[in-house]
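Below, each chain spelled out in residue letters.
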Amino acid sequence: MSTPKSTLPVIAAVDGSDDSLRALDWALDAARGRGAPLRVVHVWQYAAAWTPPGVLVAGPPGPDEDEVLGQVRTYLDGRPDRPVMEYLGLQGAPGAVLPELGATAQLLVLGSRGRGGFASLLLGSNGMAAARDAGCPVVVVPRPGRDGGTSHAFRAVGEHDAPPVEPGPRVVVGLHVDSPDDTTLAFAFAEAALRGARLQVVAAYPWPPQNWASAGELVPPVIDQDAIENETRILTESLLAPHRKDHPDVRVEPYVAPGDAAGHLVAASKDADLVVVGRHRRRLLAPARLIGSVTQAVLLHAASPVAVVPPQALEE
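In this text the structure is predicted, and so the values were computed from the model without any measurement. All chains use their own residue numbering, which begins from 1 and follows the written sequence. The predicted origin of the model limits local features to residues at a pLDDT of at least 70 and limits the giving and counting of side-chain atom pairs to 80 or more, whereas totals for whole chains, interfaces and linings rest on all residues. With hydrogens and water set aside, each side-chain value is computed from the structure's full complement of heavy atoms.

Next up on the list: the overall build of the chain. Numbering of helices and strands runs from the N terminus, with a helix taken as a DSSP run of H or I at least four residues long and a strand as a DSSP run of E at least two residues long. If you tally the helices and strands in the chain, you get nine helices and 12 strands. Partly exposed residues are those whose accessible area sits between 20% and 50% of the maximum for their type, while under 20% is buried and over 50% is exposed, using a 1.4 Å probe and protein chains only. Among the 316 residues that make up the chain, the fraction classed as buried is 43%.

The subject of this paragraph is helix H8 (residues 261-268). With seven of eight residues buried, H8 lies mostly within the body of the structure. Three or more residues of H8 are buried, namely Ala262, Gly263, His264, Leu265, Val266, Ala267 and Ala268. Any pair of nitrogen or oxygen atoms within 3.5 Å is treated as a polar contact; in protein, a donor-acceptor pairing is required on top of that, and neighbouring residues in sequence qualify only through side-chain atoms on both sides. Between the side-chain oxygen at the start of H8 and the backbone nitrogen of Ala262 there is a gap of 3.4 Å, and the oxygen is on Asp260.

What follows covers the nonpolar core. What is meant by a nonpolar core is a set of buried Ala, Val, Leu, Ile, Met, Phe, Trp, Tyr and Cys residues, joined one to another through side-chain atoms within 4.5 Å. Within the largest apolar cluster, 46 residues are counted, with the highest numbers of intra-cluster contacts made by Leu24, Leu38, Val109, Leu199 and Val276. Among the elements that line this core, the one with the most residues is helix H1 (residues 18-34), at eight residues. Throughout, a residue-residue contact means that at least one pair of heavy atoms, one from each residue, lies within 4.5 Å. Beyond its immediate chain neighbours, meaning those up to four positions away, Leu24 contacts Ala12, Val14, Leu38, Val40, Val72, Tyr75 and Leu76. Ranked by size, the runner-up nonpolar core spans 33 residues in total, among them Ala13, Val43, Ala257 and Ala272.

What follows concerns the pattern of salt bridges. Salt-bridge detection follows one rule: a side-chain nitrogen of Lys or Arg within 4 Å of a carboxyl oxygen of Asp or Glu. By the definition in use, this model includes 13 salt bridges. Glu253 is the partner of Arg198 in a salt bridge, and the nearest nitrogen-oxygen pair spans 2.9 Å. With Arg198 in strand E7 (residues 198-205) and Glu253 in strand E10 (residues 252-258), this pair connects stretches of sequence that are 55 residues apart. On the basis of relative accessibility, which here comes to 7%, the residue Arg198 falls in the buried class. With relative accessibility at 16%, the residue Glu253 sits in the buried group. The closest approach of N and O atoms between Arg233 and Glu229, which form a salt bridge, is 3.1 Å. In this pair, Arg233 and Glu229 are both assigned in helix H7 (residues 225-246), four residues apart and thus about one turn of the helix distant.

Positive phi is not limited to glycine here, since Asp81 has a value of about 55 degrees. By secondary structure assignment, the location of Asp81 is in the loop between helix H2 (67-76) and strand E3 (85-91).

Let us now look at the packing of H1 against helix H6 (residues 182-195). Packed helix pairs are characterised by how far apart their axes lie and by the angle those axes make with each other. Where H1 contacts H6, the two axes come as close as 10 Å, and the packing angle between them is 85 degrees. Relative to H6, the element H1 is oriented roughly perpendicular. Taken together, the residues of H6 that come into contact with H1 (itself represented by Trp26, Gly33 and Arg34) are Phe187, Glu191, Leu194 and Arg195. Polar here means any residue outside two lists: the nonpolar Ala, Val, Leu, Ile, Met, Phe, Trp, Tyr, Cys and Pro, and the charged Asp, Glu, Lys and Arg; Gly therefore counts as polar. A class-by-class count of the residues in the contact of H1 with H6 yields three nonpolar, one polar and three charged. For helices, the fitted axis covers only the stretch in contact; all axes are lines through C-alpha atoms, and the angles between them, taken along N-to-C directions, range from 0 to 180 degrees. Working rule for angles: under 35 degrees goes down as roughly parallel, over 145 as roughly antiparallel, 65 to 115 as roughly perpendicular, anything else as oblique.

Right, let's talk about the packing of aromatic side chains for a bit. Stacked, tilted and edge-to-face are the three classes applied to pairs of Phe, Tyr and Trp rings, where Trp contributes its six-membered ring and a pair requires centres within 6.5 Å; stacked means planes under 30 degrees apart, edge-to-face means over 60, and tilted covers the rest. Considering all chains together, one arrives at zero aromatic pairs under this definition. Our definition puts a charge over a ring when NZ of Lys or CZ of Arg is within 6 Å of the ring centre and also within 35 degrees of the ring normal. The lysine or arginine in question, Arg73, covers the ring of Tyr87, its NZ or CZ lying 4.0 Å from the ring centre. Positioned above the aromatic ring of Tyr75 is the side chain of Arg79, whose terminal nitrogen or guanidinium carbon lies 4.8 Å from the ring centre.

What follows deals with the sheet that holds strand E1 (residues 10-13). Pairing between two strands requires that DSSP report at least two bridges joining them. The sheet built from 10 strands is open, its strands ordered E3-E2-E1-E4-E5-E12-E11-E6-E7-E10 with mixed pairing. Both outer strands of the open sheet, E3 and E10, are each paired with one neighbouring strand and no more. Strand after strand, the sheet turns through a mean of 20 degrees between neighbouring axes, direction not considered. Strand direction decides the pairing type here: strand E4 (residues 107-111) and strand E5 (residues 138-141), joined by four bridges, are parallel. Across the sheet, the residue bridging to Leu110 is Val140, located in E5. In the packing of H1 onto the sheet, the strands contacted are E1, strand E2 (38-44), E3, E4, E5 and strand E11 (274-278), and the crossing angle to E4 comes to about 155 degrees.

Okay, the pairing of E1 next. Residue alternation in E1 divides its side chains into two sets, Val10 and Ala12 and Ile11 and Ala13, and both sets are buried. Handedness rule for crossovers: strands pointing away from the viewer, path from the first strand over the helix to the second running clockwise, crossover right-handed. Viewed along the sheet, the connection from E1 through H1 into E2 turns out right-handed. As paired elements, E1 and E4 share three bridges and run parallel to each other. Counted as the bridge partner of Val10 is Leu107 from E4.

Within E4, five of the five residues are buried, leaving the element largely enclosed by the surrounding structure. Taking every second residue as pointing to the same face, both faces of E4 are buried, with Leu107, Val109 and Gly111 on one and Leu108 and Leu110 on the other.

Let's shift gears to the side chain of Thr295. Structurally, the position occupied by Thr295 is in helix H9 (residues 293-301). At a separation of 2.5 Å, a polar atom in the side chain of Thr295 contacts the main-chain carbonyl oxygen of Gly278. Once residues within four sequence positions are removed from consideration, Thr295 is found in contact with Val277, Gly278, Arg279 and Val308.

Another point: the environment of Gly174. Locating Gly174 in the fold gives a position in strand E6 (residues 170-174). Sequence separation between Gly174 and Val275 is 101 residues; the distance between their C-alpha atoms is 8.0 Å.

See the structure below:
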């Protein structure tokens, strides 16, 4: 029998960096809102691969001796309404250990870049590995200052105007109408309900379509853009219908627009509480877990925390 989801912890990965403390704050609120315990994990990489033979290497300290966990205890000391807390020190490569923890968690939360990360990287390798491999949703909390895609770095991906918004809590979710993911939609609706937030559903369709008749000859599209947008809107509403029924109190705002989905999601991330994206389905000829190009772009450039939801098959 599987463990009831309400008893599973929210896991915050810490390493002493400011990024991990921001992620810890997010995880603390998430655990409190879910009535779930919070497990704070520090993974030690204490044995270097180049250690000479015969040299004794000390093992990782226990939770009471771990300086990073001690820093976290001090950081959280006096916080009101703290959930049940657990501190855990582990050894190994964080990029391998952290995803494994997702099998016994309802959320895994970490910062966009940890201690020792290269300043030029927008997302550390541990965050990418966890988002790709963990069996539970992974939330990556970015550094302050991201502007929702208006930087020069993101213009190469595609700059888009943000959908209209109003003040108040807001969760954003990406919907691919040609390959919908009910698990991702269900997570987004549940998260919006927990937060008392509006749910903005971004459904982008490619335009203009490119039809090639022969080498170098581009044929104009024979389908009217209004027809494609209308069909996308109809499909969006039909996919949202069962989730609306499950969460009648969630106000849903579908946003259907032409262009690149990643650009629209990053633009919508500005001032959002959370952006929710699916990881990627496994394919017959590519059985390894993958992060799709849209999800990867959102992880790299979104201004808000990003939740990457694994396919249903990995949660069973």
